[in-house]
Amino acid sequence: MPTETPNADLKHFIAEHRRLFVVTGAGCSTDSGIPDYRDAGGSWKRSQPVTYQAFMGDVLTRQRYWARSLIGWRRFGHATPNDTHHALFRLEQLGKLQLLMTQNVDGLHQRAGSRDVLDMHGRLDTVRCMGCEHRSPRQAFQQLLLALNPSWAQLDAADAPDGDADLDGHDFSTFTIPPCPHCGGILKPDVVFFGENVPRDRVARAMQALDEADAMLVVGSSLMVFSGYRFAHAAAKAGKPIAAVNLGRTRADPLLNLKVEQPCAEALGFLFENESAASAEEIAQ
Ligand SMILES: [Zn+2]
């Protein structure tokens, strides 16, 4: 039952553990205007996003992807952190954070000030060449796409998750995508697509952080994707307590020691109670 007050059980959970391994998901960023993929039951709200195999294998899929991204980036690229990001930054300031592992690709934790962040699924503000690994800023690529596709720049469509827009019913084969300026290779957002593996070194870094933490905290994720769920599984196996703040079901529900069904920013509100020494000490002890 949602309340207007910060969650006392969650405050206690955070106070009684010294180092937290935090996992965040789409629920953290919905207040920043970035839509979520899943409903409260953990099911898809919309058609599944493009897969790695389709993107790499089919030029029309890439044209459709970048045409929609051209529209979606205008707002996604200007999203700003909300109170959930600020609260998790506060957690880091209090010295409670082992690692903040996010499944989001929006970079909003870093924008809020968090430093110890692992972007498990990469970052949408970077474009990567699949041929030579050259990386470049998405914002510069946006300017290039606009210059090459002036008539598409006039279009508008509703936002979809991950900087996508619900643009359909156009002849995407007329959309021009520039190749990599260095090797002519295929350019792709530097994010892990569905059907693509998370780089092993990222998983290893996160597992090590979990190993060094005494508890795990999930914020705004249903953990439906294995790349997130596996950490809950590993934490439970190691006997580390797990708390989750999420509106709706998570795949890890049977493993949780504490489940908070409240909006993230509200549940974590005690981190802002004031910046007074007394309150900080209570949480940081
Ligand atoms: Zn290249």
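Structure shown above.
Please read these numbers as outputs of a predicted model, since none were measured by experiment. (Residues numbered from 1 in each chain as written. Predicted model: local features only at pLDDT ≥ 70, side-chain atom pairs only at ≥ 80, totals over all residues. Heavy atoms only, no water.)

Visitor: Before we go on, may I ask you to explain the side chain of Thr-250 in this structure?
Guide: With respect to the helices and strands, the residue Thr-250 is situated in the loop between strand E10 (242–245) and strand E11 (258–260). Among the polar contacts made by the side chain of Thr-250, one reaches the main-chain amide nitrogen of Ala-252 at a distance of 3.1 Å. Within the local environment of Thr-250, its side chain forms a polar contact with the side chain of Asp-253, the two groups lying 2.8 Å apart. Sequence-distant contacts of Thr-250, defined by excluding residues within four places in its chain, comprise Ser-221, Ser-222, Met-224, Leu-256 and Lys-259. (Helix = DSSP H or I, 4+ residues; strand = E, 2+ residues; numbered from the N terminus. Polar contact = N/O pair within 3.5 Å; in protein donor to acceptor, adjacent residues only side chain to side chain. Contact = heavy atoms within 4.5 Å.)

Visitor: Would you take a moment to explain the nonpolar core for this structure?
Guide: It is characteristic of soluble globular proteins that their nonpolar side chains tend to be buried jointly. Ranked by internal contacts, the top residues of the largest apolar core, which has 26 residues, are Trp-66, Trp-152 and Phe-175. Contributions of two or more residues to this core are made by helix H3 (59–76), strand E4 (122–129), helix H6 (138–148) and strand E8 (187–191). With seven residues, the top contributor of residues to this core is H3. Looking at which domains feed residues into this core, each of domain 1 (1–34 + 82–121 + 198–285) and domain 2 (45–78 + 124–191) supplies at least three. If we ignore the near neighbours within four places in the chain, the residues touching Trp-66 are Phe-55, Val-127, Arg-138, Phe-141, Leu-145, Phe-175, Ile-177, Leu-187, Lys-188 and Pro-189. (Core = buried A, V, L, I, M, F, W, Y, C linked by side-chain atoms within 4.5 Å. Buried < 20%, exposed > 50% of the residue type's maximum accessible area, 1.4 Å probe, protein only. Domains from an automatic or database assignment.)

Visitor: Even after reading the chapter, I still don't get the coordination of the zinc ion, so can you show me in this structure?
Guide: Angles between donor atoms at a metal ideally measure 109.5 degrees for a four-coordinate tetrahedral arrangement and either 90 or 180 degrees for a six-coordinate octahedral one. Taken together, the protein donors to the zinc ion comprise Cys-129 (SG), Cys-132 (SG), Cys-180 (SG) and Cys-183 (SG), at separations of 2.3 Å. Taken together, the four donor atoms coordinating the zinc ion and their angles of 98 to 117° define a geometry best described as tetrahedral. Judged by relative accessible area, Cys-129 falls into the buried class, the value being 0%. (Donors = N, O, S within 2.8 Å, 3.2 Å for Na, K, Ca; no water. Tetrahedral: all angles 85-135°; square planar, octahedral: opposite > 155°, others 65-115°.)

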